[in-house]
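# Report on the structure
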Amino acid sequence: MMESSEFHNQQFNDDTAELLERHGATCDTFRVKLYGKLHFLKRLKSEYANDICFQEAFHKEFETGYRLEHPNLVRYISLSSDGILMEYVDGETLTDSLTRHPQYFTRKNTKKFVSQLLDVVQYLHAHQVLHLDLKPDNILLTRINDDVKLIDLGCSYTDTFSDTQGHTNGFAAPEQLRGEVVDERTDIYAIGKILAMLPHAYIYNKVIARCTASNPSNRYQSIDELQHDLSHRRWYPYLLLLTIPVVAIALLFYPQRQTTHEEILPVATDTISSVKMPEKADTPHITKAPVVETPLAPTKPHVLDTPSGHTKQKSIEQLRSDIKKLVLPVFQSTLGSVEHPRQNDSLWMMQSRIFLAGEQQRLDQIVRSHPEFSMDTVVTEYRNYVQLLIIEAANK
């Protein structure tokens, strides 16, 4: 029986092969029908067809792809004198999708896209394959369900075929451009560049900065490490939403218990605000509510990581000021408008739901406005300020 990788007689009539717009520098691409099913055909251009170097690279791509099987990787079927036959993917490139359908990339859909992309690249690395040409033009999104399909292993590096052909300058890592040794971190660099193009790129600021560090030792060392960091970061918005109602309910149902600054959160001395507690009363119960002062700016600036990976001195005062400007009017029109909240618990809870309904949007806006801060820093400052507002409102 003939191996799938062997050349054999031409199977297609060129008159029925439909030339596609999507093609590479050395190859033409076609949509062909075989046994009633559409396939994708990749063929060397005539000026390269008789060049032994391009023929070997073509053969290498097929041999690499043929042994791989993953739902988010295009499937290689056969190699013949026609070219490389692959499964046909009905969809469009990430480049086209970002241009034509930017509204698709909601937070939820972005999360799905990133998860599938990382999963298939992790699969390649587990099988000793580096893609080395990760870019939006080599990522397809299927027309049904918008699933990722990674294509084009023409520049790949494997334990069998160590010679690589070409790269794409905008996504190639510095060591790749210099012709130095490549490894998993080279693909991770390109992933960071791809993340930076997404509409919600700001939520990955810290991840992008680490992926695209010039020195490979400063990047994520594996896809596993990158996935772990992304999974960890996604908890912060949920922790924020959980913390606020818990504090509000605690203050509502335990009005006689004094709430100290240390009991709110283990806040550092330079966090968003400080609370001035009343002087001790002669009676055993608290008769005077805590007074919330205007948020104080820290005397010592933070050292922050910028998305470019460099550090600089920057006061956190502007971040806190922007949080106050955005949150305070909304809070005053909802929870702050409830008179005697301990006697109006149903109204208090209703206003809590209204306030929380826009929580994620407000947090997103602040994160976008301050890309120099990591998400956990923004969330901590935001959470501290809202909790202090709740204390003031619940004790009036």
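Residues numbered from 1 in each chain as written. Predicted model: local features only at pLDDT ≥ 70, side-chain atom pairs only at ≥ 80, totals over all residues. Heavy atoms only, no water.

This part covers the side chain of aspartate 133. Examined against the element boundaries, aspartate 133 turns out to sit in the loop between strand 7 (129–130) and strand 8 (139–142). Of note is the side chain of aspartate 133, whose polar atom sits 2.7 Å from the side chain of threonine 168. With residues near it in sequence (within four places) discarded, aspartate 133 still touches Asn138, Asp152, Cys155, His167 and Thr168. (Helix = DSSP H or I, 4+ residues; strand = E, 2+ residues; numbered from the N terminus. Polar contact = N/O pair within 3.5 Å; in protein donor to acceptor, adjacent residues only side chain to side chain. Contact = heavy atoms within 4.5 Å.)

This brings us to the packing of helix 11 (residues 345–357) against helix 12 (residues 359–369). Running from N to C, helix 11 and helix 12 cross one another at 35°; their axes reach a closest spacing of 5 Å. Contacts between helix 11 and helix 12 pair Phe355, Leu356 and Ala357 from the former with Glu359, Gln361 and Arg362 from the latter. Here the residues of the contact of helix 11 with helix 12 are counted per class, giving three nonpolar, one polar and two charged. (Axes fitted to C-alpha atoms, helices over the stretch in contact; angles between N-to-C directions. Nonpolar A, V, L, I, M, F, W, Y, C, P; charged D, E, K, R; others polar.)

Before going further, it helps to examine the sheet that holds strand 3 (residues 37–44). Here five strands make up an open sheet; going across it, the order is 1-2-3-5-4 and the pairing antiparallel. Both outer strands of the open sheet, strand 1 (18–19) and strand 4 (76–80), are each paired with one neighbouring strand and no more. Sheet topology note: the strand 2 (residues 27–34)/strand 3 ladder contains eight bridges and is antiparallel. Across the sheet, the residue bridging to lysine 33 is leucine 38, located in strand 3. The strands touched by helix 1 (residues 52–66) are strand 2, strand 3, strand 4 and strand 5 (83–87); relative to strand 4, the strand with the most contacts, the crossing angle is about 150°. (Pairing = 2+ DSSP bridges.)

A word on unusual backbone geometry. Positioned with a positive phi, tyrosine 35 is a non-glycine residue whose angle comes to about 55°. Counting through the fold element by element, tyrosine 35 comes out in the loop between strand 2 and strand 3. One non-glycine residue, asparagine 145, adopts positive backbone phi at about 75°. Mapped onto the fold, asparagine 145 is located in the loop between strand 8 and strand 9 (148–150). Residue class for asparagine 145 comes out partly exposed when judged on its relative accessible area of 49%. (Buried < 20%, exposed > 50% of the residue type's maximum accessible area, 1.4 Å probe, protein only.)

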